[in-house]
Amino acid sequence: MSTPLPPVLPPLPLPAAPLRVAVAQTEAVSGDVAANARRAAALTVRAADQGARVVVLPELHLCGYDLPALTAAPDRYAVRADPGRTVADPRLDPLAEAAAAHSVTVLTGAAVRGADGALTNSVVACGPSGAPAVAYDKQHLWHADERALFSAGERGAAVTVDGWRLGLGVCYDMSFPEHGRAAALAGAHVYLCPSAFAAGNEYRAAVYLAARALENTVYAVFGNPVGGPPYRPCGGGTAVHGPRGREVARAATAGEETVLADLDPAELAEVRGLLHMLEECRTSASRTAASRGAASRGADASSKG
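About the thresholds
Residues numbered from 1 in each chain as written. Predicted model: local features only at pLDDT ≥ 70, side-chain atom pairs only at ≥ 80, totals over all residues. Heavy atoms only, no water. Helix = DSSP H or I, 4+ residues; strand = E, 2+ residues; numbered from the N terminus. Buried < 20%, exposed > 50% of the residue type's maximum accessible area, 1.4 Å probe, protein only. Contact = heavy atoms within 4.5 Å. Pairing = 2+ DSSP bridges. Right-handed = clockwise from strand over helix to strand, strands pointing away.

(A) Spotlight on the side chain of serine 175. Note on placement: serine 175 falls in the loop between strand E8 (164-168) and helix H6 (177-185). You can call serine 175 buried: its relative accessible area is 17%. The contacts of serine 175, once residues within four sequence positions are left out, are Tyr208 and Arg212.

(B) Structural detail: the pairing of E8. Among the 5 residues of E8, 5 are classified as buried, and the element is accordingly described as predominantly covered. Of the two faces of E8, the one carrying Trp164, Leu166 and Leu168 and the one carrying Arg165 and Gly167 are both buried. Bridge count between strand E7 (residues 158-161) and E8: 4 bridges; the pairing is antiparallel. Bridge assignment links valine 159 to a residue of E8, and that residue is leucine 166. What sits between the antiparallel neighbours E7 and E8 is a turn of 2 residues, in which aspartate 162 has the positive phi angle 55°. Where E8 and strand E9 (residues 190-194) come together, 3 bridges link them in parallel fashion. In the strand pairing of E9, leucine 166 is matched with valine 190. As a crossover connection, the stretch from E8 through H6 into E9 is right-handed.

Structure below.
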């Protein structure tokens, strides 16, 4: 007679209080890091005044998603990180100051030149204290377009705000169920993906993130820009899905706006009381990821305020 396998994980701890997230659906100016940082700072102040604790901006927001221009002038478009992954770039000062002054965490897409010379498509975090830092490097690069320009990230990452663990992805990462599952098994309550889906393709993100939210019993956040270069405009579609896979917030238009969503730990508790996919998944890959995730919890980049 076979012996039942124990659960992969014990029930994961939940945050104590709700978290308000602001997702900015905005347009970047190609190549103008300073202007885009100032725009992000203004949006941060406005979101903080509305009670947001986390502000999310799209993929490559600081330089704009314009790969030919980035290829032609990478030093103009990128920010530089030191060996400790801190970004000391005066163009980002207004954004860092807004985050500190309003005690919020800002997550924005950026092209980052690392201390090793590699260029990555990254998420930069500006927290309530300290300098901006690279929080995550995109692991799944979009076809030859991005692979010719960027180096792929090697590992997942999370940021913790007010007890909420935010698992990070960028755009194409969400297409891989394993990516979101690894974040959830490492303790994420939210799967957060700054993106730059081209106009007409936002429907794919809606399918992906509804699935990632439901199958991992997490909130899933999709932040997409508007505008962009004429050869590749973006059309918004910014949305937040709850742990049942249902939309809880969505942009009302295809123009610039900020979507606010209140993430509720009671909703996570109720859903996870019914759906036990994280605890009961029997695939060998998930069991391996669970053990690695358990070892990594507590080692993420934290932003508390």
